[in-house]
Structures are given as structure tokens and as C-alpha cells.
Amino acid sequence: MKRYLCCLILLACCRPADAQDGLRPLRLWYQQPATDWNEALPVGNGRLGAMVFGKTDVERVQINEESVWGGRSFDDNNPDALTYLPQIRALLLDDRNAEAYDLATRHLLATPPTVRSYQTLMDLHLDLWNDAAPAGYRRELDLRTGIARTEYTVGGVRYVREVFASAPDDVLIVRLASDAPGTVNVTARLSRPQDARVEARSHNALVLSGQIVDADTPRNGSGGANMRFAGVVRAYAEGGALQVLDGDKLQVAGADAVLFVITAATDYDAAMLALDPGKDPVALAAGQLDRLGAPAFERLKQRHVADHRALMDRVAFDLGTSNDAVPTDQRLAAVQEGTADPDLVTLYFQLGRYLLMGSSRSPGVLPANLQGLWNEHIDAPWGSDYHTNINVQMNYWPAEVTNLAETAQPLIRFVDRLRVPGRVTAQAMYGASGWTMHHNTDLFGKTGLHDGIHWGTFPIAGPWMTFPVWRHYEYSGDRAYLRDVAYPILKESAAFVLDFLIEDRSGRLVTAPSYSPENAFVHPRTGEPTQLTYAPTMDIQIIAELFAQTTRAAQILGVDAAFRDTLAATLQRLPPARIGRDGTIQEWIEDYEEAEPGHRHMSHLFSLHPGAHINPGTPALFEAARKTIERRLAHGGGHTGWSRAWIINFFARLRDGEQAYENVQALLQKSTLTNLFDTHPPFQIDGNFGGTAGLAEMLLQSHLGTMDLLPALPAAWPAGRITGLRARGGFEVDQTWEGEALTRVVIRSTLGGPCTLRYNGTEQTVETEPGGVYVFDGRLQPE
Ligand code: FUC
């Protein structure tokens, strides 16, 4: 084995100073208020979120609570499914896909065949009694502190507004202040597009409450009701006069400052995946503010900032000179015109971490949805739901590697709870043990087949959803978690697959019915675009990874030897990976012609990323994977934000820094809004998360049992530093490079054990101790 690291210093316990990057600014900032929602700035604490517009006449703060959804729980398994399943399967194996499709539409699809939308909670409007044009305007979102700040001058008075979402106190805070006593005037009101009423409940509180009216919700014969919700705002004025106006507004006149404390509640019960009629959202929200007592702004702010920084500051990423003096929208516009702005890349990376913290952590209990938790609609694009054929999985790609393991917890707990309805679906639709789900779900845990056969027939979504559960073990090495949480989920998922597989006409074990999300092939006989099929490549790849993970988990725990043997024997009978006649990875069981060669999904590359089975050790498939991406791109692929983000991850895995970089640029140029939200279009947060994960993947990989340092560094970033990324096996890693070469690496081991470093074609194994810090210094060159 070659050695390339000149000098190894073993440190027992100290944390090197360069793990923190001190004062480097991490801000989005603008010289004008937001004119629409896609320019507003997000704050979130995992449960409550807000979009801040920074207006100077009437401020708008659009507010979300993570559980405000239409619909309700119902049995979404088509009762005919089991009766018609054998016939549908036989038709598919006989290439009579259109007939299978017709039968499936009638007998597999849920009724009604769609989940309902995640909804906005309310808007807080702050009329600032201001007609004059402000001077010296600036609004910003400081990712380090998690505070959205708006400042401007009117009539010689400097006004400052701060908005944040506190996780420790579980409230949204809006504070208005100025530098001259008695100059803060504001009239506050609440609104919601429908289903709500507003009233003042005391001298300083507004309550918005209601119940969702959702025409498409099935009553399921039980006459059940929809979700009830409440938002409460309390105002605390420093000086001046505070009074209720018209029974539904609060007016503050002549104050030095005013603090609005906001919270919300619904009657959703996460543990039950259902509504709880015993819950009173108004009482819950008001009670929460009562318990908070008289709020002291500085204390709330300090607690929030300390909590926020404890997560945010774990990772620092620096690619050279700061470009913070230029407003963010101008920087983005310059990149869109072809300029390079590496510092904007680091800001985008950190924003991804910020958004994951804001939409997926305690006190929240639900995973980040298609928009995280920021949504102004009653009926959002794609319902702002949980799409499980790429989107929600992508949301969590950055969670472990960018050192935010706690953000994965809401998803892991959600997957755990999905097993309950998922077992019913496995049994009722496929006569299978274990659990599964299909291509989308909501907070009620729908696991049936929704939207339409051509979108929804993805029974292997359940197995895919176990991957973040396993990944948390890979990074943490937490055996109790593996035994009590992860392994039971994996094992039951594998059990589903064993029962779901059937023999095809040549004796292979195949999945049916299924599809390759959401792509179509040209049917060789009918010439029609066709989606419903059997054993699409992605299914087989997911199953291979699931079985490998389940087997590994069982080995570590020393359990279920016979079950492991069954998994191994089953793997032998799956269809092999194949390369098609054009040299790309074959997407379907036959080498069909693609109906849309530039399709946004690249499901058959699953084993390249997020899976690991296509790698440099499988050179033919590795090369075919590259051709597959190139072909997609040549036909206009990557045209949605998430699709582009996935491509970054693919090229990082192909160790092609230049192509990965090209696609980072394209993500910023084509799929990013001025507030740096990803756009599908419209706004969809998966591209932010996939982009952040892709950037991490360019700089550190650990999916092959080694720690790959700077595996896909582009020439555009010749010098830089990234500290605090995590690698599988319980390591935290800092890397510094200059002249495109690694110059310093610091590894902190939490679990101990061997760590095999790979860089530039060489490798070296270091034995580590739990808590040990290992510094590799000097110029790192292969011998
Ligand atoms: C998948 C994608 C779409 C969209 C939707 C929410 O179905 O194919 O592009 O992102 O999820």
C-alpha cells in the first residue's frame, strides 16, 4: 500500500481551532423587499416556519405549522387488489401491459386516488403606518444566527425588525424596534385564505382558528371531520399603548419596541398518524404561550442563537474570498450570466443545511415535505406532500454527512410509524408479510396506490424508505438503535420483498406490478408509451442494496442466520444488471426504447447513487452509468432542480469533479430562485437538499468502506477548506487544500477502529481510538 500522508500527529482529545471558522459571513441579503413569496426569506424550527417579506408599508409574515394538512386517515387499499393481482401479473409477464394497466386502474388504485395538500396556516400582516419612502434599506437572512432582519430609515429614525423561529422555546418571534423612543407604530392582523376566523382573545392576543373544509376527503362511512388548527399571536409593547381594534386586530402606538410571540397547534396526533378529536388546538397553542410566561426578547434570542449555532457551526466551508459585499440576487444574476462565484456555492451549501434544520428537527415531528415546511398555498403544487420515488429520500441525503444527524430523526420515526399502515397494504394488496408503501404519502401515513397507475405503481418505495434508517446507523454506529429501531424496519421490509417477488417465464424472481419512476418505454408490440411493467432495473437495485444492508445489520447483531441465507439465495435469482445496446444501463427488464430519453428521473442509476453497487470495482457498469447520464443530458435531462441535483451526486460518484461542477453551475443558473430556493419549477426544496448533498459528495465519500478525500474536486476550486463533515464509521473530517492538492486533514474518531483514507489513487489505514484526533499535515503527495 502506498503512503502519501507525510506526517501523522496523534492528539488525544483536543479539538483543533480550525473546526470553527469564526466570523465568516453566511448571509442572504437584498436591497429591496420581497415582491413575491419566492423572494421572501425562510425561518423555521422544525415545526413552525415563516417566510419574511421585509416590506416597509405592510409587512407580510407567512406562517406554517408542519401538520396543517387536508384529508384524513382512511383505508386506502383497494379491496379488489388481491383478487386481480394474479391476473395483472400474468398479463405483465405476457407483455400485455395495456390490459394490465386497465385492470390495475380499476382494481389497484386507492379511492379517492390522491393524498390531499399540506396547507398554509396563516399570514401575519403588520401595517407599519408608513407612507414615506425608506432610505438605507437592507434585509437579510443570517444563516449563522437563523435571524431574518429588515432595516431601514424613515424620517431620520432607523427601524429594525427581527424574525426567528426558536427551537428551544418552540415559538416564532417577530420584533419591531427603532433607535428613537416612541416611534414604533403597528397594526397587526391575521388572515387565512379560507376555513378560519380571527378574534382577539384578550388585550394582547389574536387567535386564528378553524377546521379544514376539504371537499375531496372521503368520509369513509364514519362521518369523520377534517383537521382543526389554531394560530395564536401575543403582542408585548415596550412603552406606548396597546389595544384591540375592531375585535380582531391589535394596535400598538408610540412604543419603543414591540414583540410578537407566535405559536400554533392542530389536532393531529403523530403517534397515531391520525386526528385526535380530544385535542383542542386553541387551548394547546394558548397553553404553550402561557407556559412561556412574560417573554424577555434578549433571553429568547440568546437561547435561540445558541441552539441554532450548536448545529449550524458544525460545518464550515470556505472556497476563498468572500463575496458578501454584493447582494445575493445580484450574485445569482451574475452566475446566471456565466460568472463563477465559489462563495455563493458555499452559501448554497450552508442554506441547504439551514433549510433541513428549519424543516426537520425537534420540536417538529414530521419529515421535511416537498417544500420543507414553507408553503403559502391551500392547494400546493403536488400537494407539498411526501413523494417517495425520489423527493423525500433526496431531502435527507445531506442529513448525516453534513453533521445534522438530528434532522434525520423525524423521517426515521415517520418510517417506523408507516409500518403500521404499510403492513395492511402489504397484506391487502399483495398478500405479503412485512410492510410497504407506494410513490407518495401524507402525514396520515397513506401507503396505498395513489395519483394514477402510471405515477403510483411503486411498491418498492417501502424498501427505499429504509435507506435513511440504515444510514443513520452507518454514521453513528449506535448498536442499540440498530437493534431496536433500524433492524426491525429493514427486516420487515426485506420480508415484504421476499413475499412480493414472483417467478417470471424464465424462472427469475421479479417484482410485478411496478414501474421505473416515472418514465415510459415504447412498447415493442403496440408502439405505445408504457409505464406499468415488471422488474424495472431500479427495483432490482433497491432490493440488492436492501438485502445487503439487512444482512449486514443481522450479522452485526448476530441474529437471523437462516433469514440471511434466504436473502442470499434470493439475490442469486434476481435478474442481473444489464447494459443496453446503446451502452447505457438498461432501465427495464428488456432493452426497450425510451419514450423520453431526456427524462428527469434516472432511476436505473440508483446503484451509482444513492446506492453503492455501481462503483470503480464494477468498471463496465461504472462506464455505462456515465453513458447513461450523458445520454440523459444530451436529450435535455436535468431540467428540474432535483434532477440536476441528482446529476451532481452521480458525477461526484464517478469522481468527475469537472462535470459535477458544471452541474452545480447549472443548478444555480437554471433552477434557483432569488432567495436561493430550488425551483422545479415551481419551488420544490429537494433540489436544495440534493445540491447540498452533491457538494458534500464532491469533497468526501465513505460509501465503499473507505474515506475518500476530495474525490471530485473541480479545478474551479483550487484552494479551500471544509470542516466538520461526517463519514460512515463514526468519523468527523476537516480537509484543507491548496493548488488543487490536499494539504491538511483532521480526523476525529468517535467509535475508534480502522479508518482507510484514500486520496488521489493511494490509500492508508489508520487505527483510531474512540475520541482520538488524527492530524495529517504538510504537503500530501503520493510517493
Ligand atoms: C416526482 C417528480 C416530479 C415532481 C414530483 C413532486 O414525481 O417526477 O418531477 O418532482 O415528484
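Our subject is the structure listed above.
Residues numbered from 1 in each chain as written. Predicted model: local features only at pLDDT ≥ 70, side-chain atom pairs only at ≥ 80, totals over all residues. Heavy atoms only, no water.

A. Highlighting the packing of aromatic side chains. According to the stated counting rule, one finds 26 aromatic pairs in the structure shown. Centroid distance Phe-467 to Phe-606: 5.5 Å. Interplanar angle 80°. Geometry classified as edge-to-face. With Phe-467 in helix 12 (residues 467-476) and Phe-606 in the loop between strand 27 (593-594) and helix 16 (619-634), the pair connects residues that are 139 residues apart, well separated along the chain. This pair shows no difference in class: Phe-467 is buried, exactly as Phe-606 is. (Phe/Tyr/Trp six-rings, centres within 6.5 Å; stacked < 30°, edge-to-face > 60°. Helix = DSSP H or I, 4+ residues; strand = E, 2+ residues; numbered from the N terminus. Buried < 20%, exposed > 50% of the residue type's maximum accessible area, 1.4 Å probe, protein only.)

B. Summary view of the environment of Val-365. Along the chain, the position of Val-365 falls in the loop between helix 6 (342-359) and strand 21 (386-387). Residues Val-365 and Leu-411, spaced 46 residues apart in sequence, show a C-alpha to C-alpha distance of 8.4 Å. Other than its neighbours up to four places away in sequence, Val-365 contacts Glu-66, Ala-270, Pro-410 and Arg-417. (Contact = heavy atoms within 4.5 Å.)

C. Geometry of the environment of His-604. Following the sequence through the fold, His-604 ends up in the loop between strand 27 and helix 16. Each C-alpha atom, one on His-604 and one on Thr-628, is 8.8 Å from the other, the two residues being 24 residues apart in sequence. What His-604 contacts, discounting residues up to four positions off in sequence, is Thr-537, Gln-541, Ile-585, Gln-586, Glu-587, Thr-628 and Arg-632.

D. Main features of the sheet that holds strand 25 (residues 521-522). Read across the sheet, three strands follow the order 26-25-27 without closing on themselves; strand pairing throughout is antiparallel. Strand pairing shows two members of the sheet lacking a second neighbour, strand 26 (529-530) and strand 27, which therefore form its edges. (Pairing = 2+ DSSP bridges.)

E. Representation of the site of the ligand. Every residue lining the ligand is accounted for by Leu-370, Trp-382, His-387, Asn-389, Asn-391, Glu-518, Arg-600, His-601, Trp-642, His-680 and Gln-684. Within the contact set of the ligand, an oxygen atom lies 2.9 Å away from a side-chain nitrogen or oxygen of Trp-642. Summarising the interface, the protein chains cover 98% of the accessible area of the ligand, which totals 290 Å² for the free molecule. In the shell around the ligand, the residues fall into three nonpolar, six polar and two charged. (Near = heavy atom within 4 Å. Polar contact = N/O pair within 3.5 Å; in protein donor to acceptor, adjacent residues only side chain to side chain. Areas by Shrake-Rupley, 256 points an atom, 1.4 Å probe, with all protein chains shown as cover. Nonpolar A, V, L, I, M, F, W, Y, C, P; charged D, E, K, R; others polar.)

F. Region of interest: helix 4 (residues 297-312). Between the first and last C-alpha of helix 4 there are 22 Å, a value that for 16 residues agrees with the 22 Å anticipated at 1.5 Å per step. Buried within helix 4 we find Phe-297, Leu-300, Lys-301, His-304, Val-305, His-308, Leu-311 and Met-312. Each buried residue of helix 4 sits inside an arc of 130° when the element is viewed along its axis, so together they form one side. Opposite its buried face, helix 4 presents the exposed residues Gln-302 and Ala-306, each directed more than 90 degrees away. (Expected span 1.5 Å × (residues − 1). Arc of directions from axis to C-beta.)

G. Spotlight on the sheet that holds strand 29 (residues 707-709). The mixed open sheet is built from four strands, whose spatial order is 28-29-33-34. Across the chains shown, the open sheet's two edge strands, defined by having one partner strand only, are strand 28 (700-701) and strand 34 (762-768).

H. Looking closely at the environment of Leu-206. Checked against the element boundaries, Leu-206 lands in strand 13 (residues 205-211). With a relative accessible area of 0%, Leu-206 lands in the buried category. As for Leu-206 and Asp-248, which are separated by 42 residues in sequence, their C-alpha atoms are 6.7 Å apart. Sequence-distant contacts of Leu-206, defined by excluding residues within four places in its chain, comprise Ala-188, Arg-189, Leu-190, Glu-199, Ala-200, Gly-231, Val-232, Val-233, Asp-248, Lys-249 and Leu-250.

I. Up close: helix 5 (residues 328-336). Every buried residue belonging to helix 5 is among Thr-328, Asp-329, Arg-331, Leu-332 and Val-335, and all of these are buried. Angularly, the buried residues of helix 5 cover 160° about the axis, an arc narrow enough to put them on a single face. The inward-facing, buried residues of helix 5 abut strand 2 (27-30), helix 6 and helix 18 (657-670). Just beyond helix 5, the residue with positive phi is Gly-338, at close to 110°.

J. Geometry of the side chain of Asn-64. Examined against the element boundaries, Asn-64 turns out to sit in strand 5 (residues 58-65). Relative accessible area serves as the criterion here: at 0%, Asn-64 is assigned to the buried category. In terms of polar contacts, Asn-64 uses its side chain to reach the backbone carbonyl oxygen of Asn-375, at 2.8 Å. With residues up to four places along the chain from it excluded, the contact list for Asn-64 reads Arg-47, Leu-48, Gly-49, Tyr-118, Gln-119, Thr-120, Leu-121, Leu-373, Trp-374 and Asn-375.

K. View of the pairing of strand 6 (residues 122-127). Buried residues dominate strand 6, accounting for five of its six residues. By the bridge criterion, six bridges tie strand 5 to strand 6 in an arrangement that is antiparallel. Bridging from a neighbouring strand, Ile-63 pairs with Met-122 of strand 6.

Nothing here speaks to function; it is all geometry.
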